[in-house]
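# Breakdown of the fold
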Amino acid sequence: MSNVPAATQTLRVLQFLARQAAPTPAATIARELGLPRSTVYHLLGAMRAEGFVVHLPEERRYGLGVAAFELGSAYARQEPLRWLAAPALSRLVGATGHNGHFAVLHGSDVLYVIEERAPGRPSLVTDVGVRLPAQLTASGLAMLAALPPAQVRALFPSRTTMVLREGRGPQSVTELSRTLAETRRRGHAVEDGLVTEGFASVAAAVIDHAGHPIAAVALTFPDDAAPDDASRTDLADHVSRAAASIARGLAGRRT
């Protein structure tokens with residue numbers, strides 16, 4: 001038995017929330033973990049104060065908060081994931097001739113952790129270590145579109161949290177929801193000129209065994225290199241295959 005029961009109970013609550021497809025009532029958490037409700041409310045309050053849990057008062061439910069995403073992003077930045085992603089990204093860039101990126105969610109931002117530059121292509125702002133608002137990037141939209149809507153609302157609770165770039169980008173939570181719905185319908189994310197004028201990107205999320213997006217793969221290219229929907233869809237197919245390859249590698253490491 002643990003000598004620090006509060007720490008053990010806290011970790012159990014976090015692990016339980018991480019396995020859920022959507023935010024969950026405190027009563028359900030208490031019942032499923034066999035904990036007193038008073039204990040669960042106390043733990044949730046402490047975790048909420050530190051940003052690991054968010055409370056959705058209208059729905060009376062709790063979900064993972066930004067600090068939990070930051071922990072997940074920190075794990076994603078560790079070398080094992082880099083080792084899995086780097087070869088797939090290199091093959092993607094070699095096959096398409098465009099710059100490739102591998103990024104993770106960091107709160108409401110994306111953090112770029114690998115950049116593979118194609119020969120003759122210029123460097124871009126999406127360099128390793130750069131953070132950009134998730135809703136303005138193809139990588140961010142790909143990951144946000146794979147999250148439960150309640151988690152997206154927790155990251156972007158109001159219009160004031162919507163960062164614009166030169167007046168462009170989703171200007172409200174409703175508009176972001178429409179963009180994410182279109183991304184899910186299309187099967188990949190697109191961004192055109194929001195990050196760097198004259199350049200566009202396509203991206204696909206890397207989905208883990210639990211169905212959660214842990215990263216995204218993207219290609220960035222000059223507008224005139226893929227001027228029509230057909231050529232961009234072809235690039236998106238390459239990106240989706242690279243993301244699926246990384247996901248299969250992650251699944252293989254678990255067996």
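Here the structure is shown first, and the text comes after it.
Residues numbered from 1 in each chain as written. Predicted model: local features only at pLDDT ≥ 70, side-chain atom pairs only at ≥ 80, totals over all residues. Heavy atoms only, no water.

Buried within helix α2 (residues 26-33) are the following residues: A26, I29, A30 and L33. Buried residues of α2, seen end-on, are gathered within an arc of 95° and therefore sit on one face of the element. Of the surrounding elements, those touching the buried residues of α2 are α1 (5-19), α3 (37-49) and β2 (61-64). G34 lies just past α2 and shows a positive phi near 65°. (Buried < 20%, exposed > 50% of the residue type's maximum accessible area, 1.4 Å probe, protein only. Helix = DSSP H or I, 4+ residues; strand = E, 2+ residues; numbered from the N terminus. Arc of directions from axis to C-beta. Contact = heavy atoms within 4.5 Å.)

With respect to the helices and strands, the residue E191 is situated in strand β6 (residues 189-192). The class of E191 is buried, set by a relative accessible area of 6%. Taking C-alpha positions, E191 is 17 Å from D127, a pair spaced 64 residues apart along the chain. Contact partners of E191, with chain neighbours within four places excluded, come to L136, T137, A138, F199, A200 and S201. Engagement of the side chain of E191 in a polar contact is seen with the backbone nitrogen of G193, the distance being 3.0 Å. At a separation of 3.1 Å, a polar atom in the side chain of E191 contacts the main-chain amide nitrogen of V195. (Polar contact = N/O pair within 3.5 Å; in protein donor to acceptor, adjacent residues only side chain to side chain.)

The next subject is the side chain of T96. Along the chain, the position of T96 falls in helix α5 (residues 79-96). Engagement of the side chain of T96 in a polar contact is seen with the backbone oxygen of L92, the distance being 2.9 Å. Ignoring sequence-local partners within four residues, the contact set of T96 consists of L219, L235 and H238.

Note on sheets: strands pair through backbone hydrogen bonds, and any given pair is parallel or antiparallel. One open sheet accounts for six strands, arranged β5-β4-β3-β8-β7-β6; its pairing is antiparallel. Pairing within the sheet leaves two strands with one partner each, and these edge strands are β5 (131-133) and β6. The mean angle between the axes of side-by-side strands here comes to 30°, regardless of whether they run parallel or antiparallel. Pairing geometry for strand β7 (residues 199-207) and strand β8 (residues 213-222), over nine bridges, is antiparallel. Residue pairing for β8: F199 is matched across the bridge by P222. (Pairing = 2+ DSSP bridges. Axes fitted to C-alpha atoms, helices over the stretch in contact; angles between N-to-C directions.)

Going through the model one piece at a time under the given rule, you end up with seven salt bridges. Taking the shortest distance from any N to any O, the salt bridge between R153 and E59 comes out at 2.6 Å. One end of the pair, R153, is in helix α7 (residues 149-155); the other, E59, is in the loop between β1 (53-56) and β2, with 94 residues separating them in the sequence. Here R131 makes a salt bridge to D109, at a shortest N to O gap of 2.8 Å. Pair noted here: R131 is in strand β5 and D109 is in strand β4 (residues 109-116), with a separation of 22 residues, a long-range link. For D109, a relative accessible area of 18% corresponds to the buried category. In the salt-bridge network here, residues are joined through shared partners; they are E182, R185 and R186. (Salt bridge = Lys/Arg side-chain N within 4 Å of Asp/Glu carboxyl O.)

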